[in-house]
Amino acid sequence: MNKNTGQGNVFSLFKGVPLTRILVALFLLQILLAVGLTAYLSIGNGQKAVNEVASELRHEVGNRVEQNLQTYLATPRQVLRSNQNVINMGLLKIKNLATWESYLIEQLKIFPDALAITASNEQQEYLAVEKLNDRQSLLRKAGKSTGYDLYTYIIDSQGQRTQLPEVIKNYDARSLPDYLTAVTAKKFSFSEIFTPRTEPTLLISASLPIYNSQGELLGVNSTLTHLSQIGDLLQNIKVGKSGQVFIMERSGLLVASSTTEEPFRFQNGKPIRLKASQSGNSLTQATAKYLKTKFNNFEQIQSLQQLDFSFDGKRQFLEVRPLQGEPNVNWLMIVAVPEADFMGQINRNIQTTIFLCLGALGLAIILGIVTARWITQPILYFSTATKDLTDFTNSEDSVVKVQGIQELEVLGESFNEMAQYLRKTFTALISKNEDLKLQVKQRTQELQQEIQERINSEQKLGQHYQVLTELANHKAIFEGNLETAFKVITEKAANALEVERVSVWLFNSERTKLQCISLYERSNQKHSAGLERNLADYLIYFRALVASRTIAVSDTRTDPRVQELWDKLLEPNNIVSLIDTSLWVAGKMVGTVLSEQVDIPRKWELSEQNFVSSIAEIVALTLEVGDRKRAESALREAKEIAEVANRARKTFLGNINHDLRTPLNSILVITEALKDQVYGPVSEEQRQSLNMLESSGKNLLELINQILDITDTESSKIELQLAATSIPGICDFCLSFVKDLAFQKNIRLRAQIPEELEPIQVDERRIRQVFINLLTNAIKFTKEGGEVWIEAQPSSTNEYIFISVVDTGIGMLSDDLFKLFQPFVQVETASNHRSSGTGLGLVMVQKIVELHGGTIHAESQLGKGSRFTVKLPCKKAGESRVSEDV
């Protein structure tokens, strides 16, 4: 029979709990209940009182700030309204500002808060009185009386001008911001806050448009006020011990503060508006940042808000209220009060309570532990030792020490010996088993990882090899069908790499931009084209591509090489990783192949980079095949066109030779007979006509001969008869040939030919034709009394000889020299608009010189003459005679 049933049921709740802890817990439970309830009620009541006091204080301060602001901003309205009343009563005329000067001076004295008062009208008149100091003011006026120039005067307290005016020409006050603001608003309104250039402060202007009874605009009346006065008002308001008040615009710019901080800072000597979030005062800065985070946009604060936040681990009470009732004044008034201003004494009382509770709790714990150990120490020794015996991971040996009971002492000694033996045995086994488990686990993980990586790598390489093999054997690539080939390449590359987009980009003809020829999007299986990237917009990106040839970017958000592409191209498409490989054809970069990964950043493996490079080589190969196909097609077409043209030219030349030369020779023979009076007497007038007819016929025959000669040279029909020829002999013959022409213009001819020149192998008749043509042109373009000469000089190596025809003629511009050797083209100058001739002479000269393996070069200076230099190879007389068929 169990005599302790009731007791067993109660203590069954503590099954497994050490007796020492049970006894200590019972002692502590009573203390904790009493202390905890007391502390909870004390702290809760204190916090509630603090919240109520803080709410009332910040609300009262906010009311005072709002009242002061309303009073401050009402002053400009009163000034302008009073001026309008005076105008409505007819005491002042807005169309005549001459009567306003003394009135504005007196009004500036009545309203000391105003910095300046201005008036301007639609007649371009302007009058302003600005406070300079306590005894002086500035008067600015412009209008018809000043020639619409702005005059500035310094006036004393009596309104007398004491200094000569400063003048600004063509001044029109209607273009000023306060005038335009009033006209646009069509009612009383404040301007934006601004910083003047003359002094470090913040200003705001108020403007009122003036209309007549018919609603026509007559002018604008404005005031200018310092905002530093608002800061003075805020500094006079006490907010607890360390609270603050500041005003800011909804843009975040600071207007005024109860601290000594100015709402602006200096940059390069100029005052710049200061944002509240950048304030030097830590509480102001933290408050602005908290409001920005909470509301995201200050425009969302449309009503009074009472908030609190933590700053430096301390709670701060806030009240934010927008300023209502003033046009264009969109300000927020913010009151910040630290909780510490109210919690000083309460915290000290709470600390005292906590210390007393902790002291009582500590005393209870000590008493409980001492009592429990006195009762349970013998039992606890055996309990601990038994538990340690089963825990062989414990490195410390448990020793049972029992004193006072003989049986327990003997049992304790036996227990200690057995425990020591078992611990040594099991410790050795456990250590060895753990080492084996750890080694097997590590090796298994390494093998699994290596096997998986090798499998993945082999799968990717196999897939890449299969794709490259398919592309290499694709019909569109061998045929140069770019559109089909690029679609196949981009689609297979995207599927093999498992990326969202693969595209091919090529430079335009000017190489100023990249154009997308083919883009494949894997998610919707769509092909497109037409995108463009200007080279000038992405210089860093293109330079990196040219330098590296392949750009592998794992994270486009941080890689500097693609930051230029982030805002417009990468972020909108959520492209987080990419590989871009440049295309090179014939040693020249012609475009890129771009692979793009979306959503999840990706680290590109070396095998993937090699695969993309192989894709780029296939694209380049496709371009080369396409270019070769197009070149072959164009070559076939050109060959066919050339054959047709050659046949047509032969037919045309035959027609010229038969249909033109034969009748023209008959005309010349008949003309010669008529001149010789074979058919009867000829009058002087008829002889002149016959001379003109004969001259025209000879010119036409010469033109036909030159055309046929040029055609023969181009069709390789001229055969040079090379023979040993004396250079001095050629020069003397050519000078003798043109001496009559030179004599008619009183032009001096001369030659500078070294006597030791050896004969060279040339076609003498053709070379004479060259220099006769050059000498004739030189005489033709040289004025009377000028000079023309021919000179020769061998090169330093005696491989070539240089023969020049020089004149002191009219010359030409260097820009016109390239036209000289074009068929049927003559160079026109200011002194010689167009000379007689066909424009084929120099062309024929160039052809003959080139047939001899030489060149011709022209130099000229306008008004100072020209020099034509022929360079011929020195084929000396000792060499065998050659007949060249070009």
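**Points about the pairing of strand β3 (residues 137-142)**
When a strand is regular, its side chains alternate between the sheet's two faces.
Working step 1: In terms of burial, β3 is a largely internal element, five of the six residues being buried.
Working step 2: The hairpin turn running from strand β2 (residues 126-131) into β3, its antiparallel successor, is five residues long.
Working step 3: By the bridge criterion, five bridges tie β3 to strand β4 (residues 150-155) in an arrangement that is antiparallel. Counted as the bridge partner of K141 is Y151 from β4.

**Considerations on a nonpolar patch on the surface**
Working step 1: A surface patch of nonpolar side chains, about 320 Å² in accessible area, is lined by I354, F355 and L358.
Working step 2: Counting through the fold element by element, F355 comes out in helix α7 (residues 340-390).

**Some details on the sheet that holds β2**
Working step 1: Within the open sheet, the eight strands sit side by side as β5-β4-β3-β2-β1-β8-β7-β6. Their pairing is antiparallel. Whereas interior strands pair on both sides, the edge strands pair on one side only; in this sheet they are β5 (166-168) and β6 (189-190).
Working step 2: For β6 and strand β7 (residues 203-211), the ladder comprises two bridges, and the chain directions are antiparallel. Within β7, the residue paired with F190 across the bridge is A206.
Working step 3: Strands in contact with helix α4 (residues 177-185) are β1 (114-121), β6, β7 and β8 (217-226); relative to β8, the strand with the most contacts, it is inclined by about 120°.

**A short note on the pattern of salt bridges**
Working step 1: Inspection of every chain in the model, using the stated rule, returns 20 salt bridges.
Working step 2: In this structure, R315 and D308 form a salt bridge, with 3.7 Å as the shortest nitrogen-oxygen distance.
Working step 3: We classify D308 as partly exposed; its relative accessible area is 37%.
Working step 4: One salt-bridge network, in which partners are shared between bridges, spans E66, E319 and R321.

**Points about the packing of aromatic side chains**
Working step 1: Within the structure shown, the criterion is met by nine aromatic pairs.
Working step 2: For the ring pair W100 and Y103, a centre distance of 6.2 Å and an interplane angle of 85° mean the geometry is edge-to-face.
Working step 3: For W100, a relative accessible area of 0% corresponds to the buried category.
Working step 4: Through a chain of ring-to-ring contacts, the aromatic side chains of F507, Y541 and F542 assemble into a single cluster.
Working step 5: In this structure, K294 packs its charged tip against the face of F295, placed 6.0 Å from the ring centre.
Working step 6: Stacked on the ring of W505, the Lys or Arg R533 has its end atom at 4.5 Å from the ring centre.

Rules and cut-offs
Along each chain, numbering runs from 1 in the same order as the chain's sequence is written. At least 70 in pLDDT is required for a residue's local features to be given in this predicted model, at least 80 for side-chain atom pairs to be given and counted, and no such filter applies to totals for whole chains, interfaces and linings, which use all residues. By convention in this description, side-chain values take in all heavy atoms of the structure and omit both hydrogens and water. For each residue, the accessible area found with a 1.4 Å probe, counting protein chains only, is set against the maximum for its type, and the residue is called buried under 20%, exposed over 50%, and partly exposed in between. Think of it this way: any DSSP run of H or I at least four residues long counts as a helix, any run of E at least two long counts as a strand, and we number them from the N terminus. At least two bridges found by DSSP between two strands is the condition for calling them paired. Distance thresholds for patches are 9 Å for like charges and 5 Å for nonpolar side chains (Val, Leu, Ile, Met, Phe, Trp, Tyr), applied to residues having over 30% relative accessible area and no salt bridge. Each accessible area is a Shrake-Rupley result for a 1.4 Å probe, and residues are judged covered by the shown protein chains and nothing else. The working definition used for a salt bridge is a side-chain nitrogen of Lys or Arg within 4 Å of a carboxyl oxygen of Asp or Glu. Working rule for contacts: check all heavy atoms of both residues, and any pair within 4.5 Å makes them a contact. Helix axes are fitted only over the stretch in contact, all axes being lines through C-alpha atoms; the angle between N-to-C directions runs from 0 to 180 degrees. Here the aromatic set is Phe, Tyr and Trp, taking the six-membered ring for Trp, and pairing holds for ring centres within 6.5 Å; pairs whose planes are under 30 degrees apart are stacked, those over 60 apart are edge-to-face, and all others are tilted. By the criterion adopted, a ring carries a charge over it if an Arg CZ or a Lys NZ lies within 6 Å of its centre and within 35 degrees of its normal.

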